[in-house]
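Secondary and tertiary structure notes
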Amino acid sequence: MLITILVFLIILSVLVLIHELGHFLVAKKFGIKVEEFGFGLPPRAFGIKKGETIYSINWLPIGGFVKLYGEDEAGSGKIRISKSEIRNDKERAFFARPVWQRLLVVIAGVAMNFLLSIAIISYIFGVSGVRTQGDKVIVTEVVRGAPAEEAGIRKGDIIEAVNGIKIIKTTELISITKEHLGEEATLRVRTANSEIRNIKVTPRKDYPQNQGPMGVAISQNIITKKYAWYEAPVVGTKESLKASGLIIASLGKTAYDLFAHAEVPKGVAGPIGIAQLTGQFVEIGPVAVLSFMSILSLNLAILNILPIPALDGGRLFFILIEAVSGRRVSQKFEAKAHAVGMAILLSLIALITIQDIIRFFSGQPVIPK
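Residues numbered from 1 in each chain as written. Predicted model: local features only at pLDDT ≥ 70, side-chain atom pairs only at ≥ 80, totals over all residues. Heavy atoms only, no water.

Structural notes on the overall build of the chain
In terms of helices and strands, the chain carries nine helices and eight strands. Rg of the C-alpha trace for the chain: 29 Å, well past the compact-globule value of 21 Å for 369 residues, more than 25% over. Along the first, second and third principal axes, the C-alpha atoms of the chain reach 95 × 45 × 45 Å. Per-residue burial over the chain gives 38% buried out of 369 residues. Here the contacts in the chain between residues at least 6 apart in sequence split such that 63% fall between residues at least 24 apart. For the chain, the accessible area works out to roughly 21,400 Å², and carbon and sulfur atoms hold 63% of it. (Helix = DSSP H or I, 4+ residues; strand = E, 2+ residues; numbered from the N terminus. Rg over C-alpha atoms; globule rule 2.2 N^0.38 Å. Buried < 20%, exposed > 50% of the residue type's maximum accessible area, 1.4 Å probe, protein only. Contact = heavy atoms within 4.5 Å. Areas by Shrake-Rupley, 256 points an atom, 1.4 Å probe, with all protein chains shown as cover.)

Focus: the pairing of strand 6 (residues 185-190)
The side chains of a regular strand alternate between the sheet's two faces. Of the two faces of strand 6, the one lined by Ala185, Leu187 and Val189 is fully buried and the one lined by Thr186, Arg188 and Arg190 carries no buried residue. Bridging between strand 4 (residues 158-162) and strand 6 involves four bridges; their strand directions are antiparallel. Considered in strand 6, the bridge of Ile158 is made with Arg190. In the sheet, strand 6 pairs with strand 7 (residues 196-201) via six bridges, with the strands oriented antiparallel. Across the sheet, residue Arg190 finds its bridge partner in strand 7, namely Ile196. The turn joining strand 6 and strand 7, which pair antiparallel and follow one another in sequence, is formed by five residues; a positive phi near 70 degrees is taken by Ser194. (Pairing = 2+ DSSP bridges.)

Brief notes about a nonpolar patch on the surface
Residues Met1, Ile5, Ile272, Ile357, Phe360 and Phe361 make up a contiguous nonpolar surface patch of roughly 630 Å² in combined accessible area. With respect to the element layout, Met1 can be found in the segment before helix 1 (2-29). On the basis of relative accessibility, which here comes to 70%, the residue Met1 falls in the exposed class. (Patch = residues over 30% accessible without salt bridge, like charges linked within 9 Å, V, L, I, M, F, W, Y side chains within 5 Å. Salt bridge = Lys/Arg side-chain N within 4 Å of Asp/Glu carboxyl O.)

A few points about empty space enclosed by the protein
Within the structure shown, the criterion is met by two cavities of 30 Å³ or more. Considered as a void within the structure, the second largest cavity measures approximately 50 Å³ in volume. Considering the residues around the second largest cavity, the lining is formed by Val162, Leu173, Ile176, Thr177, His180, Ala185, Leu187, Pro203 and Met214. Counting residues per element, the ones that place at least two in the lining of the second largest cavity are helix 4 (170-179) and strand 6. Here the lining of the second largest cavity is built from residues that sort into seven nonpolar, two polar and no charged. (1 Å grid on protein atoms, 1.4 Å probe; cavity = no way out; pocket = protein on both sides within 12 Å on 5 of 7 lines; lining within 4 Å. Points joined across faces, edges and corners; volume = space filled by probe spheres on them. Nonpolar A, V, L, I, M, F, W, Y, C, P; charged D, E, K, R; others polar.)

Quick notes on the confidence of the model for the chain
This prediction gives the chain a mean pLDDT of 86; 92% of its residues lie at or above 70. Per-element confidence in the chain ranges from a low mean pLDDT of 83 for helix 9 (residues 331-362) to a high of 94 for helix 2 (residues 99-128). Taken as a whole, residues 74-86 scores under 50 in pLDDT and shows 28 contacts with residues more than four places along the chain or in a different chain. (pLDDT = per-residue confidence, 0-100.)

A look at unusual backbone geometry
One non-glycine residue, Ser194, lies in positive phi territory at about 70 degrees. At Ala310, a position not held by glycine, the phi torsion is positive, near 90 degrees. Relative to the elements of secondary structure, Ala310 occurs in the loop between helix 7 (286-305) and helix 8 (312-325). By relative accessible area, which is 27% here, Ala310 ends up partly exposed.

Examining the packing of aromatic side chains
A full pass over the atoms with the stated rule returns eight aromatic pairs. Consider the rings of Phe24 and Phe37, whose centres lie 5.0 Å apart with planes at 90 degrees: the pair is edge-to-face. In this pair, Phe24 is assigned in helix 1 and Phe37 in strand 1 (residues 34-50), connecting sequence segments 13 residues apart. Take Phe24 and Phe37: they sit in the same class, and that class is buried. Clustering of aromatic rings is evident, with ring pairs tying together Phe24, Phe37 and Tyr55. Just above the ring of Tyr69 sits the side chain of Lys33; from NZ or CZ to the centre is 5.0 Å. (Phe/Tyr/Trp six-rings, centres within 6.5 Å; stacked < 30°, edge-to-face > 60°. Lys NZ or Arg CZ within 6 Å of the ring centre and 35° of its normal.)

Topic: helix 6 (residues 271-284)
Taking 1.5 Å per residue as the helical rise, helix 6 with its 14 residues ought to reach 20 Å, and the 20 Å between its terminal C-alpha atoms agrees with that figure. Taken as a whole, helix 6 has its buried residues at Gly273, Gln276, Leu277, Thr278 and Gly279. Following helix 6 by one or two positions, Gly285 adopts a phi angle in the positive range, close to 145 degrees. (Expected span 1.5 Å × (residues − 1).)

Observations regarding the packing of helix 1 against helix 2
Where helix 1 contacts helix 2, the two axes come as close as 7 Å, and the packing angle between them is 135 degrees. One way to sum up the angle between helix 1 and helix 2 is to call them oblique. Our pair here, helix 1 against helix 2, has a crossing hand that is right-handed. Within the contact between the two elements, helix 1 uses Leu15, Ile18, His19, Leu21, Gly22, His23, Val26 and Ala27 and helix 2 uses Leu104, Val105, Val106, Ala108, Gly109, Val110, Met112, Asn113 and Leu116. (Axes fitted to C-alpha atoms, helices over the stretch in contact; angles between N-to-C directions. Parallel < 35°, antiparallel > 145°, perpendicular 65-115°, else oblique. Left-handed = near helix turned anticlockwise from the far one by under 90°.)

Description of helix 1
Compared with an ideal rise of 1.5 Å per residue, which puts 28 residues at 40 Å, helix 1 spans 40 Å between its outermost C-alpha atoms and is within 8% of the ideal. Taken from the residues just after helix 1, Gly31 is the one with a positive phi, measuring 80 degrees.

The structure is reproduced here in structure tokens:
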């Protein structure tokens, strides 16, 4: 339990810190003043000021934050400047920067989470490898008295070809077999001791249920495939995009269930549910934990880009309105919108957390079977 909690906190902190690091680096690049970069959430335990930025450690060890100069004044055209500050600092305020710079600062966090997912998947594919289907069709069972047994096929044999046609997938063997029901076929078989044999067998037209024409059970062999260093990022990007599509579809279904049925879908998990899942992946091993972390990073990226006030997507939405209309949205209106958005998000988190608690004490799995 202690290890699960520790791994959960580490994963969550890394994901949020990577996200905030994106905002931090792009803001610094554009010369926007960063007042604080915090590890954990306030209240502050202690901080060190290096240059103009305070690097702080906070008491709540979950995630982090970046405080940009003038961020809360966006749209007001005003900013408070103390006597100790020079007037030029106003030009370094977030709200005073061009639209395109603010857009990049806002989406930088999402981009970092997406890049983190690609990096993790690329590492797994390139270093640890991924288990996938190979190119061998293996006989896993032979039914007594069936044509396969009478012909001499044994458990563990590899069927390499039928009538000279190379076989690398179970579906190919099934398809060719059905095309030759009642006809004699020649199978090239590699035995367990690597001996090559040509075996003649006649698939049955009529056969007992769950036995098949030849009376064998077959499966694809499983191999661990590793990609070269230049291939892994390409595969990692493709897998991240594929996973993003599944996440977006799942979010759409979740939103539908929330508004149409006023209920939280059973497969949705909050902090407690994610912690439970973390424990399950910890039991499997480090690679499983990394895979889980990559999926969480994608979830964080996609959730944050949604045009919901209080999230990065909400800020992005207001900046885009400004870009199209040429006028800034009222600061008071934007602040109220973010406050309402935060209230809704906290309410949803509370509902999901209640469901997590009920599920935890009832012993139900996070993901329904």
